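Overview (structure and organization)
Letter by letter, the chains look like this.
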Amino acid sequence: MTVTIREAGKADCKRIGEISMLSWQSSYKHILPTDYLAAISQEDRANRFERVLASGSLLLVAEAENTIVGFISGGRCRESVHPDYDGEVYAIYLDPDYMKRGIGTLLMQSLEKRQRCFLDARR
């Protein structure tokens, strides 16, 4: 399986929202209340990631088999949370059907490379 990592666009946010919803419902099913997880909306999550894009944060997607299968977002560290670091991963999620295939590692590596350039340009 070939995986491509690229910067996300607004048109990707619907699928990003779906992945966020599915991933939360799968990963946190034994941690968070069922009602809470059931109330997570793809639309709300898509809107959230449209705001992430508009904020100037990095948002990358992983594509495989002609579909987005995961995403990662990051940017400058929130100084009140991590004062000793320049960059931070804000979110990373995969479609549950594509977990444990090394895609998360590829997303982390890609974010690290791009984040260096991103942070240097913003200084």
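Above this note sits the structure.
This one's a predicted model, so the numbers in the text were calculated from it and none came from an experiment.

Turning our attention to the packing of helix α1 (residues 13-27) against helix α3 (residues 42-55). Running from N to C, α1 and α3 point in directions that differ by 120°, and their axes come no closer than 7 Å. On the basis of the axis angle, α1 is oblique to α3. Both α1 and α3 take part in a crossing whose hand is right-handed. When α1 is examined against α3, the residues C13, K14, I16, G17, E18, S20, M21 and W24 are found in contact with a partner set consisting of Q42, R45, A46, F49, E50 and L53.

Its place among the elements puts E65 in the loop between β2 (58-64) and β3 (67-76). According to the relative accessible area criterion, E65 is exposed, its value standing at 52%. Measuring from C-alpha to C-alpha, the distance between E65 and L53 comes to 24 Å, with 12 residues separating the pair along the chain. Not counting the four nearest positions on each side in its chain, E65 is found in contact with M1, T2 and Y98.

All right, on to the sheet that holds strand β1 (residues 3-7) then. Strand order in this open sheet of four strands is β1-β2-β3-β4, and the pairing throughout is antiparallel. The open sheet has two edge strands, β1 and β4 (87-94), and neither has a second partner. Sheet twist, expressed as the mean angle between neighbouring strand axes with direction ignored, is 20°. Two elements, β2 and β3, share seven bridges in a ladder whose sense is antiparallel. The residue of β3 that forms the bridge with A62 is G70.

Cut-offs used in this document
Residues numbered from 1 in each chain as written. Predicted model: local features only at pLDDT ≥ 70, side-chain atom pairs only at ≥ 80, totals over all residues. Heavy atoms only, no water. Axes fitted to C-alpha atoms, helices over the stretch in contact; angles between N-to-C directions. Helix = DSSP H or I, 4+ residues; strand = E, 2+ residues; numbered from the N terminus. Parallel < 35°, antiparallel > 145°, perpendicular 65-115°, else oblique. Left-handed = near helix turned anticlockwise from the far one by under 90°. Contact = heavy atoms within 4.5 Å. Buried < 20%, exposed > 50% of the residue type's maximum accessible area, 1.4 Å probe, protein only. Pairing = 2+ DSSP bridges.

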